[in-house]
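# Commentary on secondary and tertiary structure
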Amino acid sequence: MTLPCKPRARALGLPLPGTPGPLNAITDVPGVEVGTTELLSSREPALARRGIQVQTGVTAILPRGRDPVPRPVWAGQFSLNGNGEMTGAHWIRDGGWLAGPILLSNSHAIGPCHGAAVRWMIDTYGATWEDNHLWAMPVVAETYDGVLNDINGLHVTEHHARTALDAARPGPVTEGNSGGGAGMICYEFKGGTGTASRRVPVEGQEFTLGALVQANHGLRPWLTVAGRPVGPQMPEDRITGMTTERGSIIVILATDLPLGPGQLERLARRAALGIGRGGTPGGNNSGDIFLAFSTANAMPLPQLSGPWRQMTTLNDERLDPVYLAAVEAVDEAVLNALCAAEDVPLARPATGICRAIDTTRLQALVAG
């Protein structure tokens, strides 16, 4: 679903380092597709008449698009703070790969999203899945949107998750109040979905690293942009009662660089430095959970392969620019989520507004 388009962080003139890809999005990585769907009481008269505030959704990421042949992507996972859920993480840490989609939604929507992802894999991979006793282990991750959304109403269904999967496309990614980020809060401003990318040259070749975040973390006084502590200078409209961290952030990193599982796990760790640039220390009640995958070294599923594997990986001594690209892309993706977001009424308590950040004022504070 297309939502209102506001200037992104870089378009505001914020001094952001690095060179992005053409879309400055995770979909700059060839083959990666993203789809979103939202459930909004503002667009559902029946819910509005019942006085129910629904502000939620689902984001779907297809690492290899709609390829009908199930080819894994090499992957690594890291949890800075584990107060949250990412299904499939145990196997990624052991096996070093994942197959199928990645879905992001709210904390009480893990079940329907997982069911939809399993069905999508069965439908997409057809006879391969049926004839070889293969099982689906998709990645589904969450953050809590209960301040802006009737989360206990369990409004997200398998149908909504499948709609996001079916909507996945290459190209621009809708940010802010989109997909799983529809009801999320970031530094007590309206947060949500954000993305960014970086070009990474290696020995005359150019590769891409992209980040997508579901930003639902941070307290206002922590917010730092381009090295400037802007949060303390924007104290208005803070969320009542939000005196300790109780949000989370999911970060998905994608690249076409040939990296092995151990390297990807180390890359996923760098997402912590990326969100740290924005000021968060990773609060106790936050689930800061990160995943990195590489679309390089495409090969059949291990269950359908021979006894030997061969893969190309970047020399560890060349990883520093890759790490820097990840840190920069994650930081910018969070800022893009903040800049794209729109005001949303509070659901609990049902008085007040979660305001989007005033980008004009942000420009002035960073420039000053």
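Scroll up to find the structure.
Below is a short write-up of the structure.

How each quantity is defined
- Residues numbered from 1 in each chain as written.
- Predicted model: local features only at pLDDT ≥ 70, side-chain atom pairs only at ≥ 80, totals over all residues.
- Heavy atoms only, no water.
- Pairing = 2+ DSSP bridges.
- Helix = DSSP H or I, 4+ residues; strand = E, 2+ residues; numbered from the N terminus.
- Buried < 20%, exposed > 50% of the residue type's maximum accessible area, 1.4 Å probe, protein only.
- Salt bridge = Lys/Arg side-chain N within 4 Å of Asp/Glu carboxyl O.
- Axes fitted to C-alpha atoms, helices over the stretch in contact; angles between N-to-C directions.
- Parallel < 35°, antiparallel > 145°, perpendicular 65-115°, else oblique.
- Left-handed = near helix turned anticlockwise from the far one by under 90°.
- Contact = heavy atoms within 4.5 Å.
- Phe/Tyr/Trp six-rings, centres within 6.5 Å; stacked < 30°, edge-to-face > 60°.
- Expected span 1.5 Å × (residues − 1).

## Thoughts on the sheet that holds strand S3 (residues 73–82)
Strands sit in the order S4-S3-S12-S11-S10-S9 across an open sheet of 6 strands; the sheet is mixed. Unpaired on one side and paired on the other, strand S4 (97–98) and strand S9 (192–202) mark the two borders of the sheet. In the sheet, S3 pairs with S4 via 2 bridges, with the strands oriented antiparallel. Bridge assignment links Trp74 to a residue of S4, and that residue is Trp97.

## Digging into the pairing of strand S2 (residues 55–62)
On a regular strand, one side chain projects to one face of the sheet and the next to the other, so that they alternate. S2 sits mainly inside the fold: 8 of its 8 residues count as buried. Here S2 shows no split at all, with Gln55, Gly57, Thr59 and Ile61 on one side and Thr56, Val58, Ala60 and Leu62 on the other all buried. Pairing between strand S1 (residues 33–40) and S2: 8 bridges, direction antiparallel. In the sheet register, Val34 faces S2, and the bridge partner there is Ile61. Sheet analysis places S2 next to strand S5 (residues 102–106), joined by 3 bridges and oriented antiparallel. Paired with Ile61 across the bridge in S5 is Ile102.

## As for the pattern of salt bridges
Inspection of every chain in the model, using the stated rule, returns 15 salt bridges. The salt bridge partner of Glu332 is Arg10, with a shortest N-O separation of 2.9 Å. Of this pair, Glu332 sits in helix H6 (residues 320–340) while Arg10 sits in the segment before S1, and the two are 322 residues apart along the sequence. Among the charged side chains, a salt-bridge network with shared partners connects Arg10, Arg198, Glu328 and Glu332.

## Side note on the packing of helix H3 (residues 110–131) against helix H4 (residues 158–167)
It is the contact of H3 with H4, at a shortest axis distance of 8 Å, that shows an interaxial angle of 50 degrees. If you check the angle between H3 and H4, you find them oblique. The two elements H3 and H4 cross, and the hand of that crossing is right-handed. Taking contact as the criterion, the partners of Pro112, Cys113, Gly115, Ala116, Ala117, Arg119, Trp120 and Asp123 in H3 are, on H4, Glu158, Ala161, Arg162, Leu165 and Asp166.

## Let's talk about the pairing of S1
Counting buried positions over the 8 residues of S1 gives 8, a clear majority of the element. The two faces of S1 match: Glu33, Gly35, Thr37 and Leu39 on one face and Val34, Thr36, Glu38 and Leu40 on the other face are all buried.

## Some thoughts on the packing of aromatic side chains
Each aromatic ring pair is summarised here by two numbers: the centre-to-centre distance and the angle between the ring planes. Scanning all chains against the criterion turns up 4 aromatic pairs. Ring geometry for Trp120 versus Tyr125: centroids 6.0 Å apart, planes at 80 degrees, classification edge-to-face. A relative accessible area of 3% means that Trp120 is categorised as buried. You can call Tyr125 buried: its relative accessible area is 8%. Note on Tyr125 and Trp129: the rings are 5.3 Å apart at their centroids and 35 degrees apart in plane angle, and the pair reads as tilted. Of this pair, Tyr125 and Trp129 both sit in helix H3, 4 residues apart, which is roughly one turn of that helix.

## Comments concerning H6
The end-to-end C-alpha separation of H6 is 30 Å, in line with the 30 Å expected for 21 residues at 1.5 Å each. The element H6 is largely enclosed, with a buried count of 18 among its 21 residues.

## Notes on the sheet that holds S2
Across a sheet, strands are paired by hydrogen bonds formed along the backbone, either parallel or antiparallel in direction. Spatially, S1-S2-S5-S6 is the arrangement adopted by the 4 strands of the open sheet, whose pairing is mixed. The open sheet is flanked by S1 and strand S6 (139–143), the only strands paired with a single partner. Averaged over all neighbouring strand pairs, the angle between strand axes comes to 15 degrees, with direction disregarded. The pairing of S5 with S6 spans 5 bridges and is parallel.

Just distances and angles here, no functional claims.
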